[in-house]
Amino acid sequence: MSESRPGEAGAVPQARGVLLEVRGLTKRFGSVVANEDVSLQLRRGEVLALLGENGAGKTTLVKMLFGLHRPDGGEIRLAGEAVRLRSPRDAIARGIGMVHQHFQLVPVMTVAENVVLGAEPTRRRFVDRRRAAAEVRELSERFGLAVDPDAVVEDLPIGAQQRVEIIKALYRGAEILILDEPSAVLTPEETDELLGVVAELAARGVGIVLITHKLREVMEAADRVVVLRDGRVVGEVAPADTDEAGLAALMVGRSVVLRIDKQPASPGEPVLGIQGLEVDDDRGRRAVTGLDLEVRAGEIVGVAGVQGNGQRELAEAICGMRPRIGGCVLLQDRDITGLGARAIHDLGVAHIPEDRDKHGLVGSYSVADDLVLNRFDEPGFARWGRRDRAAVQRWAEQLIAEFDVRTPDVHAPADSLSGGNKQKLIVARELSRASVLVVAAQPTRGVDVGSIEFIHRQLVAARDRGAAVLVISAELEELLAVSDRIAVMRDGRIAATFAGASATPEAIGLVMGGATGH
Amino acid sequence: MHLDRLRPALLPVVAVVVAMVIGALVVLAAGASPVAAATAIWVAAFSGTGAIAATLEKATPLVFAGLAVIVGVRAGLFNIGAQGQLLLGAITAAYAGYRLAGLPRAVHLPLCLAVGIVCGALPALLAGVLRATRGVHEVIVTIMLNTILVNLTDWLAGGPWMEQGQPVSRTPAIVGSARMDRVAGVPVGFLLAVAMAFGVWFVLDRTTFGFRLATVGANRNAAHYAGISVAGATVAAMTLSGALAGLGGAVESLGVVGRFEPGFNAGLGFDGITIALLARVSPRAVIPAAVLIGALRASSTQLQARARLAPEIVDVVLALALLLVAAPIILRWLLRLRPGSSPTEVHLTRGWGS
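What counts, and at which threshold
- Here, residues in each chain are numbered from 1, in the same order as that chain's written sequence.
- As a convention, the first chain written is A and the first ligand written is 1, with the rest following in written order.
- pLDDT decides what is reported in this predicted model: residues at 70 or higher carry local features, side-chain atom pairs at 80 or more are listed and counted, and totals for whole chains, interfaces and linings draw on all residues regardless.
- Side-chain measures were taken over the full set of non-hydrogen atoms in the model, leaving aside hydrogen atoms and water.
- Only DSSP runs of H or I with at least four residues qualify as helices, and only runs of E with at least two residues qualify as strands; both kinds are numbered from the N terminus onward.
- Here the globule rule reads 2.2 Å times residues to the power 0.38, and the radius of gyration is calculated from C-alpha atoms.
- A 1.4 Å probe rolled over the protein chains alone gives each residue an accessible area, and that area as a share of the maximum for its type sets the label: buried under 20%, exposed over 50%, partly exposed in between.
- Contact criterion: two residues are considered in contact whenever any of their non-hydrogen atoms come within 4.5 Å of each other.
- Boundaries of every domain are those given by an automatic assignment or by a domain database.
- Each of two parts loses accessible area, computed with a 1.4 Å probe, when they are put together; buried area is these two losses added.
- One side-chain nitrogen of Lys or Arg within 4 Å of one carboxyl oxygen of Asp or Glu is enough to make a salt bridge.
- Just so you know the grouping, Ala, Val, Leu, Ile, Met, Phe, Trp, Tyr, Cys and Pro go in nonpolar, Asp, Glu, Lys and Arg go in charged, and all remaining residues, Gly too, go in polar.
- Two N or O atoms form a polar contact when they lie within 3.5 Å of each other; inside protein one atom must be a possible hydrogen donor and the other a possible acceptor, and for residues adjacent in sequence the pair counts only when both atoms belong to side chains.
- Points on a 1 Å grid over protein atoms alone make up a cavity when a 1.4 Å probe fits among them but cannot get out, and a pocket when they form an open set with protein on both sides within 12 Å along at least five of seven lines; lining residues each have an atom within 4 Å of a point.
- Grid points are joined across faces, edges and corners, and a volume is the space filled by probe spheres set on the points.
- Pairs of strands are assigned from DSSP output, requiring at least two bridges between the strands.
- To get an axis, fit a line to the C-alpha atoms, keeping to the stretch in contact for a helix; angles then go from 0 to 180 degrees between the N-to-C directions.
- Scored from 0 to 100, pLDDT records how confident the predictor is in each individual residue.
- Relative orientations are named as follows: roughly parallel for angles under 35 degrees, roughly antiparallel for angles over 145 degrees, roughly perpendicular for angles from 65 to 115 degrees, and oblique for any other angle.
- A crossing counts as left-handed when the near helix is turned anticlockwise from the far one by less than a right angle, and as right-handed when that turn is clockwise.
- A helix is expected to span 1.5 Å for every residue after the first.

Caption draft 1: Representation of the overall build of chain A in the model. Scanning chain A from N- to C-terminus turns up 17 helices and 24 strands. The C-alpha atoms of chain A give a radius of gyration of 24 Å, which matches the 24 Å a tight globule of 518 residues would have. Overall size of chain A, expressed as C-alpha extent along the three principal axes, is 70 × 55 × 50 Å. When the 518 residues of chain A are sorted by exposure, 57% land in the buried category. Sequence separation of at least 24 residues holds for 69% of the intrachain contacts in chain A that already meet a minimum separation of 6.

Caption draft 2: Local environment of the domain arrangement of chain A. Residues and elements named next belong to chain A. Here chain A is described as being made up of domain 1 (18–252), domain 2 (259–348 + 434–518) and domain 3 (360–426). On a C-alpha basis, the centroid separation for the pair domain 2 and domain 3 is 26 Å. With eleven residues of domain 2 in contact, the opposing surface of domain 3 contributes eleven residues. Buried surface at the junction of domain 2 and domain 3, summed over both partners, amounts to about 760 Å²; 51% is from carbon and sulfur atoms. Area buried by domain 2 at its contact with domain 3 is led by Arg342, His345 and Phe454, which between them contribute 54% of it. The interface formed by domain 2 and domain 3 contains one salt bridge. A salt bridge links arginine 342 to aspartate 377; the shortest N-O distance between them is 2.9 Å. Going through the elements one at a time, helix H10 (341–346) and helix H15 (449–464) are the ones with two or more residues in the side of domain 2 that touches domain 3. When residues of the side of domain 2 that touches domain 3 are assigned to their parent elements, the largest contribution, four residues, is made by H15. Looking at the side of domain 2 that touches domain 3, its residues break down into four nonpolar, five polar and two charged.

Caption draft 3: How the structure looks around the side chain of Glu46(A). Residues and elements named next belong to chain A. On the secondary structure map, glutamate 46 appears in the loop between strand S2 (32–43) and strand S3 (47–52). Look at glutamate 46 and you get buried, because its relative accessible area is 3%. Of the polar contacts made by the side chain of glutamate 46, one reaches the backbone nitrogen of arginine 43; its length is 2.9 Å. Excluding residues within four positions of it along the chain, glutamate 46 makes contact with Gln41, Val206, Gly207, Ile208, Asp223 and Arg224.

Caption draft 4: Quick peek at empty space enclosed by the protein. Residues and elements named next belong to chain A. Tallied over the full model, the rule gives five cavities of 30 Å³ or more. Residue classes in the lining of the largest cavity are distributed as eight nonpolar, three polar and one charged. Its boundaries defined by the atoms lining it, the second largest cavity holds a volume of some 60 Å³. Lining the second largest cavity are Gly159, Gln162, Arg163, Ile166, Leu186, Glu190, Glu193, Leu194 and Val197.

Caption draft 5: Representation of the interface of chain B and chain A within the structure. The interface of chain B with chain A comprises 26 residues on the first partner and 43 residues on the second. Taken together, the two surfaces of chain B and chain A that pack against each other cover about 3000 Å², and 60% of this comes from carbon and sulfur. Where chain B packs against chain A, one counts one salt bridge. Where chain B packs against chain A, one counts 13 residue pairs in polar contact (both at pLDDT 80 or more). At the level of elements, helix H7 (188–206), helix H8 (208–218), helix H9 (220–225) and helix H16 (343–348) of chain B are the ones that each hand at least two residues to the side of chain B that touches chain A. Top contributing element to the side of chain B that touches chain A by residue count: H8(B), with six residues. Class assignment for the residues of the side of chain B that touches chain A results in ten nonpolar, eleven polar and five charged.

Caption draft 6: Local environment of the sheet that holds strand S16 (residues 324–331) of chain A. Residues and elements named next belong to chain A. Taken in spatial order, the four strands make up an open sheet running S14-S13-S16-S17, and their pairing is antiparallel. Edge positions in the sheet fall to strand S14 (286–296) and strand S17 (334–335), since each of these pairs with one other strand and no more. In this structure, strand S13 (residues 270–280) lies alongside S14, joined through eight bridges in antiparallel fashion. Within the sheet, the bridge partner assigned to isoleucine 274 lies in S14 and is leucine 293. Along the sheet, helix H9 (residues 311–318) contacts S13, S14 and S16; its crossing angle with S13, the most-contacted strand, is approximately 120°.

Caption draft 7: View of the sheet that holds strand S11 (residues 224–229) of chain A. Residue and element names in this part refer to chain A. Taken together, six strands build an open sheet; the order of strands is S6-S9-S10-S3-S11-S12 and the sheet is mixed. Either end of the sheet is taken by a strand with one partner, and the two such strands are strand S6 (96–99) and strand S12 (232–237). Neighbour to neighbour, the strand axes of the sheet diverge by 20° on average, direction disregarded. Where strand S9 (residues 176–180) meets strand S10 (residues 207–212), five bridges bridge the pair, whose relative direction is parallel. Along S10, the bridge assignment pairs leucine 179 with leucine 210. Set on the sheet, helix H1 (residues 58–65) makes contact with S3, S6, S9, S10 and S11; between it and S3 the angle comes to about 140°. Strand contacts of helix H8 (residues 244–252): S3, S11 and S12, with the helix running at about 35° to S11, the strand carrying the most contacts.

Caption draft 8: Seen up close, the pattern of salt bridges. Scanning the entire structure with this criterion turns up 47 salt bridges over all chains. The shortest N-O distance in the salt bridge between Glu175(A) and Arg44(A) comes to 3.1 Å. On the criterion of sequence distance, the pair formed by Glu175(A) in the loop between helix H5 (158–171) and S9 and Arg44(A) in the loop between S2 and S3 is long-range, its members being 131 residues apart. Take Glu175(A): its relative accessible area is 23%, and that puts it in the partly exposed class. In this structure, the salt-bridge partner of Glu163(B) is Arg259(B), at a minimum N-O distance of 3.0 Å. Taken together, the residues Glu163(B) in the loop between helix H6 (138–158) and strand S1 (182–183) and Arg259(B) in the loop between helix H10 (230–257) and helix H11 (268–278) connect sequence positions 96 residues apart. In this structure, Glu163(B) and Arg259(B) share a single accessibility class: buried. One salt-bridge network, held together by shared partners, links Glu21(A), Arg23(A), Glu75(A) and Arg77(A).

Caption draft 9: Expanded view of the side chain of Asn309(A). Residues and elements named next belong to chain A. By the element assignment, asparagine 309 lies in the loop between strand S15 (300–304) and H9. Given a relative accessible area of 8%, asparagine 309 falls into the buried group. Of note is the side chain of asparagine 309, whose polar atom sits 2.7 Å from the backbone nitrogen of aspartate 491.

Caption draft 10: Representation of the domain arrangement of chain B within the structure. All names here are of chain B. Domain parsing of chain B yields domain 1 (1–32 + 310–354) and domain 2 (55–308). Contacts between domain 1 and domain 2 engage 15 residues on the former and 13 residues on the latter. Carbon and sulfur atoms make up 77% of the area that domain 1 and domain 2 hide from each other, which totals about 1300 Å². When the buried surface of domain 1 facing domain 2 is broken down by residue, Val314, Leu318 and Leu322 rank first, second and third, together holding 39% of it. Between the two partners, domain 1 and domain 2, sit zero salt bridges.

Caption draft 11: Representation of the confidence of the model for chain B within the structure. All names here are of chain B. For chain B, the average pLDDT comes to 84, and 90% of its residues sit at 70 or higher. When the elements of chain B are averaged for pLDDT, H16 gives the smallest value, 30, and H8 the largest, 95. pLDDT under 50 marks residues 338–354. Its contacts with residues more than four places away, or in other chains, come to 30 contacts.

Caption draft 12: Local environment of the packing of H11(B) against helix H12 (residues 286–298) of chain B. Residues and elements named next belong to chain B. Their axes nearest at 8 Å, the elements H11 and H12 cross at an angle of 130°. Our classification of the angle between H11 and H12 gives oblique. Between H11 and H12 lies a crossing whose hand is right-handed. Only Val286, Ala289, Ala290, Leu292, Ile293 and Arg297 of H12 make contact with H11, whose side of the interface consists of Asp271, Thr274, Ile275 and Leu278. For the contact of H11 with H12, the residue count by class is seven nonpolar, one polar and two charged.

Caption draft 13: Representation of helix H14 (residues 419–431) of chain A within the structure. All names here are of chain A. With 13 residues, H14 ought to run about 18 Å at 1.5 Å a step, and its terminal C-alpha atoms sit 18 Å apart, in line with that. Most of H14 is tucked away: twelve of the 13 residues are buried. For H14, the set of buried residues is Gly420, Asn421, Lys422, Gln423, Lys424, Leu425, Ile426, Val427, Ala428, Arg429, Glu430 and Leu431.

Encoded structure:
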């Protein structure tokens, strides 16, 4: 390892040779076929997008390429030679690098230390920090990956941490870089930066496997798209030969309505009334600064804004998870300003939290228990303090069928579900109950197209049942698709409100940008 | 399906067996006979009703200590202070046991147990409140409280509560109306311990209260989201944990020692941690785990006499068993588990798909 120095990463674009070839790869887990007869090729300097719904087998496939799973059949060929990858170490030694969805970084160490960890340059048997920093700086400049080698990782924004992961792979001589849903954790701005980096790396000869279910990224960044469905390759296209609707149809196996059609809203009485709300963020800084907002029964109000303008704090304050410093929150003319999360929930407020793994569910719990996470002690699910597990199981089985949560059974731990199915689990829990108000924060983050459509329909259905719906999202597309009105949040208050029909991305973007306009 | 469910339960059993085999090799290396050692353990712990009763008596406080640790762990808390709480419960129950002479048995015995429960709960409550309101880590508080309580009980037993006219520091003997006896050769305290293990299992695994504790223990952010009071669950779990430890101490004083005497209870609280881990944090599994450790402890004099072995060999075997339970991967490697159930396979099937 120690002799593999940076920059063997094919810095010079060479002939467009085939770096990686997969033939008939198959992987089963028990009776579940995760991949069947998958074949594909990756050429030098090419961006290959691996597109598929949650659970289509993308992650299983790349885990085999990175030596984390062993194939049950088929072969992997690197530079024309059949190889057996027994471990990630094998894969790295053969020039394969992978950036996982969850970063593998040591938060308290510097960028340079993280990059060289396990392959440190040494001087007289000690780690040569200066050389490590210099090498990291050189790499980051060469590939256009702006990051300070001396910065401590935990202080860096997510986008920068991801660049550290990429540099780490390049430092180990990666010619093939696998990015597992890299944009799932990024803001739209960071995603744009990332796509720039991907293009730059490809221009330098690195072959890139980009796993995603975001069609826009595929259209922008990929040279070729391989679409997986139910573990099989169902199509291979060039973005130029298709469009987003075509890709979506290929992925889901039916045509998908990217814009859901819904009846015009017929707003009724005000349900949520917020006046002069003030809320602090985790560090005690004022994040919501005198915000006024009203949501009526039977309408969907979208909240747009550059992330970090108080959206998260707003949602948490409405739902009682965060203390309200000033102003008041009215629910159907009742002051709920001082109430806690459970009391507000019991008044009929559903909350899809922004961070599903942190707040939305308990990973080690069964699907059934997570489906009653905030109503486990309600009369139907418990009596005299004793839980009625049979009732919980029946309820859970009904919900996973109704909301199409893909899980072997309701006893499986929630952590064994894919991200999109976890989200559907939370949506099922929150929207299966009669609510007067639905607060949905980033309801489709990291969710595939088919599920996005499903979740959007559920939100509209909640509206049509007469609920007031507040959707907070970083995806303008999403807000434009579902909202009847769009409020733009900037510096902790509402900067402008648009009627859904008159809203355009450009107009909203202008208001959003006013906050960061420098 | 049934086999799959059974396999995790088998792990501690296999771990103990493997540990005993390694222990036998250690005995051999020490120049003694493993057969003699095994015989000594068997004779001391299980031959005849008297030996079995002695083993169960040894196991009784261990069950309580193990349950105390488990209640904490379920709520994400490490009550390392079970030892101190147990001591305080033991000495206060003993005090009530000799001081309140003259009460009828039906009042006296339950009262003494209640005193032990309350006094065990108090220091744990303090640790819980500090954790919930000030964020002071319960491990640090309970370690410090251990030191305080060990010395406090030593001082009480050698000072104000000391038996008059005796050279050793210990409290006077508990009067008959507070003593826990044997029913058909089985110590009453052990029956109470078994009932408590099932009670704790029911509370933790079947009630909404247990669900609250477990949710806080597994993901306190999600608990907060679900409107569960994290502070409330923390205080409740610590208090319950301390109460169980205190009850264990009371049962030890009232049923086994017959008074409080420093040294008799040394290490019981820490054995509770061992038992909780050996039982894989499952309340009902505490019973066999405690009986096992009780048997090994009960046999230490016999080990010395018959096999000429230092009683520390028992700790070696226990430590090995614990290591094997805590690090199942070692066991899997030792046993060369068939490929279908290799650790990587088990682990990674949880994350397929994207």
